[in-house]
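Below, each chain spelled out in residue letters.
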Amino acid sequence: RIADPSSIGNEIPNLGRPTGKMRIQSSNIGLSVKMAGLVSGLQIGTVTQVGVTLSSPIGTAIFNDLIEVSIISQDGDSGSPVLNAALRIVGIVVGGTPSSSYIIPIDKILDTFKCDLLLN
């Protein structure tokens, strides 16, 4: 339970207030994106691949339809938001390699949980 719900806002540190969401498609390869990492802080890169499938290093989980970006994330950045230049949410960081990060698209997250963004 949150002790003071009024202290929660929609500002993302180092980025600002999201303006909406963006569905990434193959035509968006090269699009500039920004990550507000808990550990890494503000990182900027581009979309490099769409529709990536990865196996989890833990267990047998398989992640489908991920977005690969040229942003370098660190341990502890999982769950960080990734946005485009217009501050539309692209997705959430789920992992990475020494040269890229992988993002679950925001539309997949919202569809799975049958919800939408509140942008007030």
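Our structure is the block above this text.
Given the structure is predicted, the values throughout are model-derived calculations rather than measurements. Note on numbering: residues in each chain are counted from 1, in written sequence order. A pLDDT threshold of at least 70 governs which residues receive local features in this predicted model, and a stricter bar of 80 or more applies before side-chain atom pairs are shown or counted, although totals over entire chains, interfaces and linings include all residues. For side-chain calculations, the full set of non-hydrogen atoms in the structure is used, while hydrogens and water are omitted.

### Notes on the environment of Lys34
With respect to the secondary-structure elements, Lys34 resides in strand E2 (residues 32-37). Contacts are assigned to residue pairs with any non-hydrogen atoms lying within 4.5 Å of each other. With sequence-adjacent residues up to four places away left out, Lys34 is seen in contact with Leu15, Leu42, Gln43, Ile44, Ile71, Pro81, Val82 and Leu83. A run of H or I in DSSP becomes a helix once it reaches four residues, and a run of E becomes a strand once it reaches two; helices and strands are each numbered from the N terminus.

### Quick notes on the side chain of Asn84
The topology assignment puts Asn84 in strand E5 (residues 81-84). To sort residues, take the accessible area from a 1.4 Å probe on protein chains only and compare it with the maximum for the residue type: under 20% means buried, over 50% means exposed, and anything in between is partly exposed. Taking the relative accessible area as the measure of exposure, Asn84 reaches 6% and is therefore buried. Looking at Asn84, its side chain comes within polar contact range of the main-chain nitrogen of Arg88, at 2.8 Å. Here a polar contact is taken to be a pair of N or O atoms separated by no more than 3.5 Å, where protein atoms must pair a possible hydrogen donor with a possible acceptor and residues adjacent in sequence count only if both atoms sit in side chains.

### Notes on the pattern of salt bridges
Side chains that differ in sign of charge can pair as their charged atoms come close. Salt bridges are defined as contacts in which a side-chain nitrogen from Lys or Arg sits within 4 Å of a carboxyl oxygen from Asp or Glu. What the rule picks out here adds up to 4 salt bridges. As a salt-bridge pair, Glu11 and Arg17 come within 3.6 Å of each other at their nearest N and O atoms. One salt bridge connects Lys21 with Asp116, and the closest N-O pair in it is separated by 3.1 Å. A residue pair is termed long-range when its members are at least 10 positions apart, and Lys21 in strand E1 (residues 20-21) and Asp116 in the segment after helix H1 (106-112) qualify at 95 residues.

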